[in-house]
Protein chains: 2
Amino acid sequence: MSISTCLTKIDTPFLFVDKTKFDRNVLALREKLAMHDVVLRPHLKTVKSIAGAKHLLVDFDSPATVSTVKEAEVFAGAGYTNLIYAVGIAPQKLPRIQTLLNNGINISILLDSVAQAKAVVAFCQAQHINIPTLLEIDCDGHRGGIQPDDAQLIEIANTLHQGGAELRGVLTHAGESYDCSSEQALIAAAEGERLAAVIAATRLIESGLPCPVVSVGSTPTAHFAKNLAGVTEVRAGVYTFFDLVMAGIGVCQPEDIALSVVTSVIGHNEKKEWLFIDAGWMSLSQDRGTRTQRKDCDYGLVCDSNGDIIPGLQVIGTNQEHGIIATVDGSKLPTIAVGTQLRILPNHACATAAMHAGYYVGHSDQIELDYWQRIQGW
Amino acid sequence: MSISTCLTKIDTPFLFVDKTKFDRNVLALREKLAMHDVVLRPHLKTVKSIAGAKHLLVDFDSPATVSTVKEAEVFAGAGYTNLIYAVGIAPQKLPRIQTLLNNGINISILLDSVAQAKAVVAFCQAQHINIPTLLEIDCDGHRGGIQPDDAQLIEIANTLHQGGAELRGVLTHAGESYDCSSEQALIAAAEGERLAAVIAATRLIESGLPCPVVSVGSTPTAHFAKNLAGVTEVRAGVYTFFDLVMAGIGVCQPEDIALSVVTSVIGHNEKKEWLFIDAGWMSLSQDRGTRTQRKDCDYGLVCDSNGDIIPGLQVIGTNQEHGIIATVDGSKLPTIAVGTQLRILPNHACATAAMHAGYYVGHSDQIELDYWQRIQGW
């Protein structure tokens, strides 16, 4: 019995992880970063699963990144002790961070404003606790963070350091690297990310402030960084599954994508040459991350039940529980019978995985599937 | 203590249902349809919650629509006995339908092709069961369904009727009504939906076939139908919560929207006049349904902690756990402190609700919140 036969026993739609590709992806970045003097701090917001994370984290004190306090709590509960909560802190969340610290979890928070720093300091003083805190640095104007040369950097750092929080260092994320379209641009994005973090760290140190952690990362820059001098750790999440956005940037090939949505054909509009599947946006997500790329994959590329891409087919539209497959060039659809299982490769693995409670996982020669439950909520 | 004080005790982001608006929305459609000789069959794919559905369904045998077999199973388990599974059937799902029928649930399935009809008939004959089956009619080219005048309509109906399935009737959905932008267009969409269903039903009856059910519906057409002659039931889902897409079409006002995501301010980029919130696409969804409307609301409109819209603000961008609020005209942001709770009105209630495990629910004068758990998975 092959894996594709196993999959027919599960009611569609569902997530499938090709474990052979997953392992290869995980190893590839680990080996790439082993050439540098940095540690990899996987971002667990992608896999978001204890069963999945154990393939990324070597030990219980291996560094990891989380995107919600809930993830921090669940991973801490599973024994993982070395976490960064990499979303700007809201003061209301500090009591839950305190509980984690009191339980022996080495968790850092992130902020980028004097207002947040004052709130953290007030909390630390009131609760007699030192909360490890990273400063978010803006390396490319993508989102939040302080410019590395901004006077506020030192003001915020001083507020924390003098107020009784633990100034742990700086963190940046080259979100704009997702818009790169050449190797040269990716290398430049990685160097820009490194420089922003190192400049900010240098300013802190020259001001007599501590900065043990210099954290950078995104999957594109992690894969294309040539120089990581001054950086202590690299974060990346989607490198584990990969997706069509990453393939569009040139970080992987579509054949490397380990995550897919398994779906069944439910109908056929012969006049429009549309094939209907039982995977709508409820299982695929509404992510359209490839829209602005050279190859717009609509809502995903289509693979047969063995996971091989069927050239020329895409999911061109979605409703809640319906997907529409058509040929990109408007030519006739191949004959695919009602009930046939297909696999859809996602634009954005984090977004597609987020629509599901868990993953069915297997190697291509595996006959019993594993199940990785996902963490939900905040 | 007001409801907004209650909400500050819950960790953001989370879904909130303003029960006063919800009740008003539910009542409005019920009263509108009471003028016609039809029953309302709420589509539970929006609320997707047993606790929520009991406010829509008067009795356990009240008609209801579901979008997944899982919904059918959960609502059946809660006592509801009158269901349509309104997504084209995949043959693999028939055993679960059979179990529901064997448990006394009056559930109909939907199909639109000879291939599906043959699969259903084969299953019915093998299992000695009559599965109630509706024919999906295409009223506007939006998705699937048979054209009402298509010769295949009678072929499919005969295949079912002679093969031992129970031909229950016809069903159509005016999906294109979501693109309407005038009252006239909405009235025309409703009439087009009615006509398609009635023409198909008439053809079945004239061919000596049964057609007890003539089911139409979408929230816009349900609200704007002037004539429902020949129709037996109307389906609608999002009328309960409403959303910005419905407001854009003119089916409701933004002030009628009962669903919002409650979020906290986590930062401020003073140079860009951006406010960061802890609601990204993970809690708001990536739905951009207003993109093609006259007023593009980006990822949602912004309300203060009392639920009153703050004019001129929108969520202009989202990452996984970050949202960015800015003014639509690029003017200066009002001062909103870190930690402040805001509420975001969603583009598409079904999509935003789908990102959450449940809803916190309350009237504006309520001091204890209810919680409605959502049904997840397939």
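- Per an unreviewed UniProt entry, chain A goes by the name Alanine racemase and belongs to Psychromonas marina.
- Recorded under Sequence similarities (unreviewed entry), the UniProt text for chain A is reproduced unchanged: "Belongs to the DSD1 family."

Things to note about the packing of helix α4 (residues 69-77) of chain B against helix α5 (residues 94-102) of chain B
In a pair of packed helices, the angle between the axes and the distance between the axes together describe the arrangement.
Residues and elements named next belong to chain B.
Part 1 of the argument: Put simply, α4 and α5 touch, their axes get as near as 11 Å, and they point 15° apart. Relative to α5, α4 is oriented roughly parallel. Regarding α4 and α5, the two cross each other, and that crossing is left-handed. Judged by residue contacts, Val69, Lys70, Ala72, Glu73 and Ala76 of α4 engage Arg96, Ile97 and Leu100 from α5.
Part 2 of the argument: Looking at the contact of α4 with α5, its residues break down into five nonpolar, no polar and three charged.

A look at the interface of chain A and chain B
Part 1 of the argument: The partner chain B presents 56 residues to the 56 residues of chain A that form the contact.
Part 2 of the argument: Summing the contributions of chain A and of chain B, the shared interface buries around 4600 Å²; its carbon and sulfur component is 51%.
Part 3 of the argument: Our enumeration of links across chain A and chain B arrives at eight salt bridges.
Part 4 of the argument: Residue B:Asp150 is joined to A:Lys271 by a salt bridge in which the shortest nitrogen-to-oxygen separation is 3.2 Å.

Re the pattern of salt bridges
Part 1 of the argument: Inspection of the entire model under this criterion finds 26 salt bridges over all chains.
Part 2 of the argument: For the salt bridge of A:Arg96 with B:Asp11, the shortest nitrogen-to-oxygen distance reads 2.9 Å. Placement of A:Arg96 in helix α5 (residues 94-102) and of B:Asp11 in the loop between α1 (3-7) and β1 (14-18) is noted, with the two residues assigned to different chains.
Part 3 of the argument: For A:Arg96, a relative accessible area of 17% translates into the label buried.
Part 4 of the argument: The salt bridge partner of B:Glu71 is B:Lys48, with a shortest N-O separation of 3.2 Å. Note that B:Glu71 is positioned in helix α4 and B:Lys48 in the loop between β2 (39-42) and α3 (50-53), a separation of 23 residues in sequence. For the pair formed by B:Glu71 and B:Lys48, the shared burial category is buried.
Part 5 of the argument: What emerges from the salt-bridge pattern is a single network uniting A:Asp11, B:Glu73 and B:Arg96.

Criteria and cut-off values
Residues numbered from 1 in each chain as written. Chains lettered and ligands numbered in written order. Predicted model: local features only at pLDDT ≥ 70, side-chain atom pairs only at ≥ 80, totals over all residues. Heavy atoms only, no water. UniProt positions renumbered as here; feature names shortened; annotations may be inferred. Axes fitted to C-alpha atoms, helices over the stretch in contact; angles between N-to-C directions. Helix = DSSP H or I, 4+ residues; strand = E, 2+ residues; numbered from the N terminus. Parallel < 35°, antiparallel > 145°, perpendicular 65-115°, else oblique. Left-handed = near helix turned anticlockwise from the far one by under 90°. Contact = heavy atoms within 4.5 Å. Nonpolar A, V, L, I, M, F, W, Y, C, P; charged D, E, K, R; others polar. Buried area = accessible area lost by both parts, 1.4 Å probe. Salt bridge = Lys/Arg side-chain N within 4 Å of Asp/Glu carboxyl O. Buried < 20%, exposed > 50% of the residue type's maximum accessible area, 1.4 Å probe, protein only.

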